[in-house]
Amino acid sequence: MGIEAVGLRVGTLSGALPEALLGAWPIATAGSRLDGARLELEIVQAAIWCPGCVSEQPVDEFYALICPTCGTPSGNLVRGREFQVRWADLATGDEHG
Ligand SMILES: [Zn+2]
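What you are looking at is a predicted structure, and each value in this text was computed from that prediction instead of being measured. (Residues numbered from 1 in each chain as written. Predicted model: local features only at pLDDT ≥ 70, side-chain atom pairs only at ≥ 80, totals over all residues.)

Asks: Describe the overall build of the protein chain, and please don't skip the residues or the numbers.
Replies: Looking only at helices and strands, the protein chain features one helix and six strands. For the protein chain, the sequential pattern of α-helices and β-strands runs β-α-β-β-β-β-β. Within the protein chain, the proportion of its 97 residues that are buried is 15%. (Helix = DSSP H or I, 4+ residues; strand = E, 2+ residues; numbered from the N terminus. Buried ≥ 20, exposed ≤ 12 C-beta atoms within 10 Å, placed from the backbone.)

Asks: Can you explain the sheet that holds strand β3 (residues 47-50)? Please cite residues and give values.
Replies: Sheets are built from strands that pair by backbone hydrogen bonding, the pairs being arranged parallel or antiparallel. Strands sit in the order β4-β3-β5 across an open sheet of three strands; the sheet is antiparallel. On the outer flanks of this sheet lie β4 (55-58) and β5 (77-79), each paired with one strand and no other. Here the average twist between neighbouring strands, direction ignored, is 40°. Across two bridges, β3 lies against β5 in antiparallel orientation. Directly across from I48, in β5, lies its bridge partner L77. (Pairing = 2+ DSSP bridges. Axes fitted to C-alpha atoms, helices over the stretch in contact; angles between N-to-C directions.)

Asks: Give me the lowdown on unusual backbone geometry, citing residues and values where you can.
Replies: A positive phi angle is found at V54, which is not glycine, with a value near 50°. By secondary structure assignment, the location of V54 is in the loop between β3 and β4. Since 7 C-beta atoms lie within 10 Å of it, V54 is described here as exposed.

Asks: Residues and numbers for the nonpolar core, please.
Replies: L13, A46, A47, I48, C50, V59, L65 and C67 form the largest nonpolar core, which has eight residues in total. With near-sequence residues (within four places) excluded, A46 lies in contact with G11, T12, L13, P58, V59, D60, L77, R79 and G80. (Core = buried A, V, L, I, M, F, W, Y, C linked by C-beta atoms within 7 Å. Contact = placed C-beta atoms within 7 Å.)

Asks: Could you give me a rundown of the pairing of β3, with the residues and numbers involved?
Replies: Bridge count for β3 against β4 is four bridges, and the pairing is antiparallel. Bridge pairing links A47 to P58 in β4. Between the end of β3 and the start of β4, which pair antiparallel, lie four residues, with V54 showing a positive phi angle near 50°.

Asks: I'd like a rundown of the domain arrangement of the protein chain, residues and numbers included.
Replies: The extent of an interface is frequently quoted as the accessible surface area lost upon association of the parts. According to the domain assignment, the protein chain consists of domain 1 (1-44 + 80-97) and domain 2 (46-78). In this structure, domain 1 and domain 2 have C-alpha centres spaced 30 Å apart. Contacts between the two partners involve five residues from domain 1, matched on the other side by five residues from domain 2. Here the side of domain 1 that touches domain 2 is composed, by residue class, of one nonpolar, three polar and one charged. (Domains from an automatic or database assignment. Nonpolar A, V, L, I, M, F, W, Y, C, P; charged D, E, K, R; others polar.)

Next comes the structure, spelled out in structure tokens:
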């Protein structure tokens, strides 16, 4: 039984580039159980918890975890380093052509 599609959650600070992942996917999976499977990326915008704003704030640079609103530095990254397979669709056995 093959796998039709895989959902991958990728944080913007995970170090993985979505374009590179999509480009490498067919090559990396060739000849494996994932050969021919579709790759669907779920991009997670990285965010810190800002104690100044008492809210989550988006960040784009791993070396500068600073609130873009008030400038408070925060080492409290709440998300953005994800690199997880979230789901996989198994082929039902029906031929889709
Ligand atoms: Zn702030």
